[in-house]
Amino acid sequence: MKVSIELTLLPLHNNFEEHIINFIKRLRASEFTVLENPMSTQVYGDYDKVMPFLTEEIKKSFEDQENVVVNLKMVKSDRSNYEPHF
């Protein structure tokens, strides 16, 4: 089953840029389609492959920082080719 996942990593401290950049670089290095915008990063792939990968990457971010929030939205389908029609 294909899924589309939107992630936002929110480190709760002043030195946040490095952590966000490292997180995005790890996502980019994966086998999944990764798209970015200024507010979030989207990951597209097969549910059974992408979820264990994201679990591990989120865990790494949690271990690297004292206080961090991850917002995650998931849709059942591959929306990587979505284009608005308005």
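For the structure itself, consult the block above.
Described below are features of the structure shown in this document.

What counts, and at which threshold
Within each chain, residues carry numbers counting from 1 in the order of the written sequence. Confidence filtering applies because this is a predicted model: local features only for residues at pLDDT of at least 70, side-chain atom pairs given and counted only at 80 or more, and all residues used for totals across whole chains, interfaces and linings. The basis for the side-chain values is all heavy atoms of the structure; hydrogens and waters are excluded. Here, the term nonpolar core denotes a set of buried Ala, Val, Leu, Ile, Met, Phe, Trp, Tyr and Cys residues that are joined through side-chain atoms within 4.5 Å. Throughout this description, buried means an accessible area under 20% of the type-specific maximum (1.4 Å probe, protein chains only), exposed means over 50%, and partly exposed covers the range between. In this text, helices come from DSSP runs of H or I with a minimum length of four residues, and strands from runs of E with a minimum of two, each type numbered from the N-terminal end. A contact between two residues is defined here by any heavy atoms of the two lying within 4.5 Å. Each helix should span, by expectation, one fewer than its residue count multiplied by 1.5 Å. Taking the helix axis as origin, the arc is that swept by the directions to the C-beta atoms. Two joining distances apply to patches: 9 Å for like charges and 5 Å for nonpolar side chains (Val, Leu, Ile, Met, Phe, Trp, Tyr), and every residue must have over 30% relative accessible area and no salt bridge. Values of accessible area rely on a 1.4 Å probe in the Shrake-Rupley scheme; residue burial ignores everything except the protein chains shown. For this analysis, a salt bridge means a side-chain nitrogen from Lys or Arg found within 4 Å of a carboxyl oxygen belonging to Asp or Glu. Two strands form a pair only when DSSP identifies at least two bridges running between them. In this description, a line fitted to the C-alpha atoms serves as the axis of each element, helices being fitted only across the stretch in contact, and the angle between N-to-C directions of two axes falls anywhere from 0 to 180 degrees.

So, about the nonpolar core. Judged by nonpolar contacts, the single largest core of 15 residues is most densely connected at Ile5, Leu7, Phe23, Leu27, Val43, Val50 and Leu54. Listed by contribution, the elements that provide at least two residues to this core are strand 1 (2-11), helix 1 (17-28) and helix 2 (47-64). Ranked by residue count, the leading element in this core is helix 2, at five residues.

Our focus in this paragraph is the side chain of histidine 19. When you line up the elements, histidine 19 lands in helix 1. Residues in contact with histidine 19, not counting those within four places in the same chain, are Leu9, Pro11, His13, Asp64 and Gln65.

The first and last C-alpha atoms of helix 2 sit 26 Å apart over 18 residues, in line with the 26 Å expected at 1.5 Å per residue. Buried within helix 2 we find Val50, Met51, Phe53, Leu54, Glu57, Ile58 and Ser61. Buried residues of helix 2, viewed axially, fall in a sector of 165°; they line one side. Summarising the geometry of helix 2, the exposed residues directed more than 90 degrees from the buried face are Asp48, Lys49, Thr55 and Glu63.

This paragraph deals with a nonpolar patch on the surface. Taken together, Met1, Tyr47, Leu72 and Met74 make up a surface patch of nonpolar side chains, about 360 Å² in accessible area. Following the sequence through the fold, methionine 1 ends up in the segment before strand 1. Looking at methionine 1, the relative accessible area reads 53%, which means it is exposed.

Let's shift gears to the sheet that holds strand 4 (residues 68-75). To summarise the sheet geometry, strands pair through backbone hydrogen bonds and adopt either a parallel or an antiparallel arrangement. If you walk across this open sheet you meet the four strands as 2-3-1-4, and the pairing is antiparallel. Two strands lie at the open edges of the sheet, namely strand 2 (33-36) and strand 4, each paired on one side alone. Across the sheet, the axes of successive neighbouring strands diverge by a mean angle of 20°, strand direction being ignored. Bridging between strand 1 and strand 3 (residues 41-46) involves six bridges; their strand directions are antiparallel.

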